[in-house]
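Single-letter residue listing:
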Amino acid sequence: EDCYISMAEEGMRVLALAYKPLESNGQISREFAEKDLQFAGFIAFSCKSRSDTKLVIQTLKESNHHVAMVTGDGPLTALHVAKEVAICPDERECLLLKASDLVEGSTEPRKVEWVVAAGKNRGKPFKFDVTTMPELAKTYEFMTTEDALLAAVEQEPKFWDHADTFVVFARMSPQGKATVIRELQKDNKHILMCGDGGNDVGALKQADVGLALLGGYGNMNTSQELPQDTQDKLNDSAEEVLNEAVKLLDKRVKAVNTEKQQLMKTRQKELIAQQQEWLKQVLAEREARGEPVGVMAQVSALKEVTQRMQKELREYAQELNIKHGNAFDKKPEDPMEALMDADAGGVPMVRPGDASIAAPFTSRSPSIKNSIDLVRQGRCTLLSSLQQMQVMMLNCIISAYTLSAISLEGSRSSERQMMGSSWLIMIASLAFSYATPIQKTCRVRPLQSVFHPAIFVSLLGQAAIHLFCMVYAVNLARETMAEGSAARLAGWVGPTLQDVSDFHKKQDLIRKGVMEKEAPDEELDWMAASLEMWTRPFLPNVMNTVVYLVETSQTVAVIVVNYKGQPWMKGVMENRPLFFSVVIMIGSIAFLSWEVLPQVNELMHLSAFPDDSFRWQVMALVMLSLIGTFIWDRICVAIFAPEIFGAMLDAAKATTFRNDVLPMIKGAGLVTAIFCLVASGNPIMWFGAYQLYRWQKTE
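Below, the structure is looked at part by part.

Rules used in this analysis
- Per chain, residue numbering runs from 1 following the sequence as it is written.
- Where totals are concerned, whole chains, interfaces and linings use all residues; where local detail is concerned, this predicted model gives features only for residues with pLDDT of at least 70, and gives and counts side-chain atom pairs only at 80 or more.
- Think of the side-chain values as coming from all heavy atoms in the structure, minus any hydrogens and water.
- Only DSSP runs of H or I reaching four residues or more are called helices, and only runs of E reaching two or more are called strands; each is numbered from the N terminus.
- In this scheme, a residue with accessible area under 20% of its type's maximum is buried, one over 50% is exposed, and one in between is partly exposed, where area comes from a 1.4 Å probe on protein chains only.
- The contact rule is simple, with two residues in contact once any of their heavy atoms fall within 4.5 Å.
- Only the protein chains shown count as covering a residue, and every accessible area follows the Shrake-Rupley method with a 1.4 Å probe.
- A 1.4 Å probe that fits into a set of points on a 1 Å grid over the protein atoms alone but cannot get out defines a cavity; an open set with protein on both sides within 12 Å along at least five of seven lines defines a pocket, and lining residues are those with an atom within 4 Å of a point.
- Grid points are joined across faces, edges and corners, and a volume is the space filled by probe spheres set on the points.
- Any residue outside Ala, Val, Leu, Ile, Met, Phe, Trp, Tyr, Cys, Pro, Asp, Glu, Lys and Arg is labelled polar, Gly included; the first ten of those are nonpolar and the last four are charged.
- Should DSSP find at least two bridges between two strands, the strands are regarded as paired.
- By definition, a salt bridge exists where a carboxyl oxygen of Asp or Glu is found within 4 Å of a side-chain nitrogen of Lys or Arg.
- Working definition: rings of Phe, Tyr and Trp (its six-membered ring) pair if their centres are within 6.5 Å, and the pair is stacked with planes under 30 degrees apart, edge-to-face with planes over 60 apart, and tilted otherwise.
- Consider the ring centre and the ring normal. A charge sits over the ring if Lys NZ or Arg CZ is within 6 Å of that centre and within 35 degrees of that normal.
- Multiplying 1.5 Å by the helix residue count minus one yields the expected span of that helix.
- Remark: nonpolar core denotes a set of buried residues (Ala, Val, Leu, Ile, Met, Phe, Trp, Tyr, Cys) joined through side-chain atoms within 4.5 Å.

This paragraph deals with the overall build of the protein chain. In terms of helices and strands, the protein chain carries 26 helices and eleven strands. Here the protein chain holds 699 residues, and the buried ones make up 39% of them. Within the protein chain, contacts between residues separated by at least 24 positions form 73% of all contacts whose residues are at least 6 apart in sequence. Just so you have it, the protein chain exposes about 40400 Å², and 58% of that area is on carbon and sulfur atoms.

This is the structure we're talking about:
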């Protein structure tokens, strides 16, 4: 027993061997064969952990996730691995839940107690009491076997309420693994399960997220070493070290692929040089056998030589894969060790198994790092979906009132206005949809429902602010366009609402053919149809102008206010297409409102404002839509979801000029330079700029 314990505490998988002499070769029962055995010895073998497993688990813990091991291994072996990969801290003792042996025919419940699993106090007993588990968990880590787990549940049904305090579940059957996950889910826990074998299928299907790990990688990714300066950061943030390790691996993979490509090109040139000699050799052999060597024979010989060349290239590619295929670990410096690795097959044969069929996700690399990617991508997807719902709801409310308001006043929107703003809004919406997660997993989880008070109350307030601004804008324009208004008495001349209504009624009669036609009878092609939309008659008026500017500002506000990137995905400043499209739209609204270039306003079918007082009122509505909704939304988040607000505030404080603002300025300069370059109309400058870009990219 001491021998077994010593090997198991070192993480060895231990198998006991026993034998029994048989007096005859006849058929025997299993009960007879497994009775009165004589102990022969142990078989012990070790299974190395992946190099980055510890970093991944520490990253999950840093992001406020509870990590536990569910395994079929023995308790001591599982405990050693748990400590090796940081599931169980080294400085804390672990209590093993132990149940007395089942007595056949007995109706009394089995005795359950805690014992210290390993260390100098190994075997020290503690009384098992469900009510004391939360207090005991402050000092010790918990682990159990399936047998003890079932005995504890039989004794204390409320035991499952504390199942999330365990870090190791050992000696678990496939059904036991699924049962543990099912009970945790009943307590509103969301489970991500990683498994690599058929005994994990039930747990992978039961879990909320299943990640299958492919088998057949052998010892790949078990000896990866990080630079010393990277290892020194381990105490600060495991996720930063993990990200550095991923970058290092990417560089190593690129270097390996580049080396393999160069070697393949060199080998291909060598084989091409030998191709003529092979062809002469084949023809000489055929001639020696008395076979014809005419044109058809030469074609057949060329085909044979080509096949030989392809075979040589395939074999050489396999040799390169054996030699350079493992980018995770360093190449052995010992020639004998490198030779043994090559003989062992180099690149392992990776085979999808039952776990890949049961799980919705499969990791193609020998690492559990993809679990971090799933958490990041899942949060980003959840956040994007909620924000898209918010944007659609608010845009529907704004559009519904805007269309009804201008329709009731006898006006409509201009095609030029819609085309002018729609392409920028489209870019912003696409950039909004394709948000990507950041390489930092936040401890705070994002909101999960649009009906959360922080979101729902914010939506109601934003809708109220937008509707107030639009109602005020419509009333302001109506009063200004009325006969005898103060603006008209002050000398302003502009169409009235009746003039606008009469104009559009006339255009409707023209399009219906009641009055003289302005378009030919034949069907227009797409270019002519586009030009017809651009040149369609329109009467600019204050009502349309005010509604267009306020509605556009509200569309921008909806996107900016409800896009909450950091600390789960890229923020507005990091999402360059979204940021630039929003900035251009805001700048365009101010540009058009102040009539910097009256020719542009005329081109966009925008009417001149009566005076500066009217202009300031419109700009106040624009700013209220932008700033007012932003402040209201953040107040709702601070009140109803303070932990979310704190995380967003911390992310905002981490913004720096060098890492966040400077790249944005460079991007704006690059976009401006590209527009100027295209506007120059000089193909020589285009070609020179493209060559300069390629040279900088190569450098």
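What follows deals with empty space enclosed by the protein. Gaps left between atoms show up when a probe the size of a water molecule is rolled over them. Scanning all chains against the criterion turns up three cavities of 30 Å³ or more. By volume, the largest cavity is sized at about 130 Å³. Together, 14 residues line the largest cavity, and Leu383, Gln390, Leu447, Ile455 and Lys564 are the ones closest to its centre. Of all the secondary-structure elements, those providing two or more residues to the lining of the largest cavity are α14 (370-408), α16 (453-481) and α23 (612-640). Per-element accounting of the lining of the largest cavity gives the leading share, four residues, to α14. Of the residues belonging to the lining of the largest cavity, the class tally is nine nonpolar, three polar and two charged. Its boundaries defined by the atoms lining it, the second largest cavity holds a volume of some 40 Å³. Here the lining of the second largest cavity is composed, by residue class, of six nonpolar, one polar and three charged.

With that out of the way, let us pick up the sheet that holds strand β7 (residues 141-145). Strand order in the open sheet made by the six strands is β3-β8-β7-β4-β5-β6, with mixed pairing throughout. Only two strands of the sheet have a single neighbouring strand rather than two, namely β3 (69-70) and β6 (125-127). Here five bridges tie strand β4 (residues 94-99) to strand β5 (residues 112-116), and the two strands are oriented antiparallel to one another. Bridge pairing links Leu95 to Val116 in β5.

What follows covers the pattern of salt bridges. Any two side chains of opposite charge can pair, on the condition that their charged atoms come close. According to the stated counting rule, one finds 22 salt bridges in the structure shown. Residue Glu135 is joined to Lys138 by a salt bridge in which the shortest nitrogen-to-oxygen separation is 3.4 Å. Given the relative accessible area of 52%, Glu135 is considered exposed. With a shortest N-O distance of 3.9 Å, Lys440 and Glu239 are connected by a salt bridge. Linking Lys440 in the loop between α15 (415-433) and α16 with Glu239 in helix α10 (residues 238-288), this pair joins segments that are 201 residues apart in sequence. What makes Lys440 partly exposed here is its relative accessible area of 41%. Connected through shared salt-bridge partners, Asp164, Asp187 and Lys189 make up one network.

Once that is clear, we can look at the layout of surface pockets. For the second largest pocket, the calculated volume is near 1100 Å³. If you list the elements that add at least two residues to the lining of the second largest pocket, you get α10, α23, α24 (642-653) and α25 (657-680). Ranked by residue count, the leading element in the lining of the second largest pocket is α24, at seven residues. Broken down by class, the residue content of the lining of the second largest pocket amounts to 16 nonpolar, eight polar and eight charged.

So, about the packing of aromatic side chains. This structure, assessed with the given rule, holds 15 aromatic pairs. With centroids separated by 6.2 Å and ring planes inclined at 35°, the aromatic side chains of Phe468 and Tyr472 adopt a geometry described as tilted. Linking Phe468 with Tyr472, this pair stays in helix α16, spanning four residues, or about one helical turn. Looking at Tyr472, the relative accessible area reads 37%, which means it is partly exposed. Among the aromatic residues, those joined into a ring-pair cluster are Trp114, Phe128, Phe142, Phe159, Trp160, Phe166 and Phe169. Just above the ring of Phe32 sits the side chain of Lys20; from NZ or CZ to the centre is 3.4 Å. Across from the ring centre of Tyr316, 5.6 Å away, lies the NZ or CZ of Arg267, which sits over that ring.

The topology assignment puts Asp200 in the loop between β9 (192-195) and α8 (201-206). Every residue in contact with Asp200, bar those within four places of it in the chain, is listed here: Lys177, Met193 and Gly195.

This next bit is on α14. Its 39 residues give α14 an end-to-end C-alpha distance of 56 Å, which sits within 8% of 57 Å, the value for a rise of 1.5 Å per residue. Phi turns positive, to about 80°, at Gly410, one or two residues after α14.

Here we take up unusual backbone geometry. The linkage connecting Gln566 with the following residue, Pro567, adopts the cis geometry, with an omega of 5°. With phi around 75°, Ala86 is a residue other than glycine that occupies positive phi space. If you trace the backbone, Ala86 turns up in the loop between α4 (75-84) and β4. Since its relative accessible area comes to 15%, Ala86 is described here as buried. Despite not being glycine, Asn188 has its phi angle at roughly 60°, a positive value. Relative to the helices and strands, Asn188 resides in the loop between α7 (174-186) and β9.

The residue Pro495 is located in the loop between α17 (486-489) and α18 (497-512) in this model. For the pair Pro495 and Glu483, spaced twelve residues apart in sequence, the C-alpha separation works out to 9.7 Å. Residues within four places of Pro495 in sequence aside, it is in contact with Met481, Arg488, Val500, Leu539, Pro540 and Asn541.

The next point concerns the nonpolar core. Leu447, Ile455, Tyr563, Trp568, Met569, Leu578 and Ile644 are the most contacted members of the largest nonpolar core, which totals 37 residues. For this core, the secondary structure elements donating two or more residues are α14, α15, α16, α20 (542-562), α21 (576-593), α23 and α24. Here this core gets six residues from one element, more than from any other, and that element is α14. Val130, Ala152, Met193 and Ala212 belong to the second largest nonpolar core, which has 35 residues in total.

Relative to the elements of secondary structure, Gln275 occurs in helix α10. Non-local contacts of Gln275, meaning those with residues more than four positions away in its chain, are made with Leu302, Val305, Thr306 and Met309.

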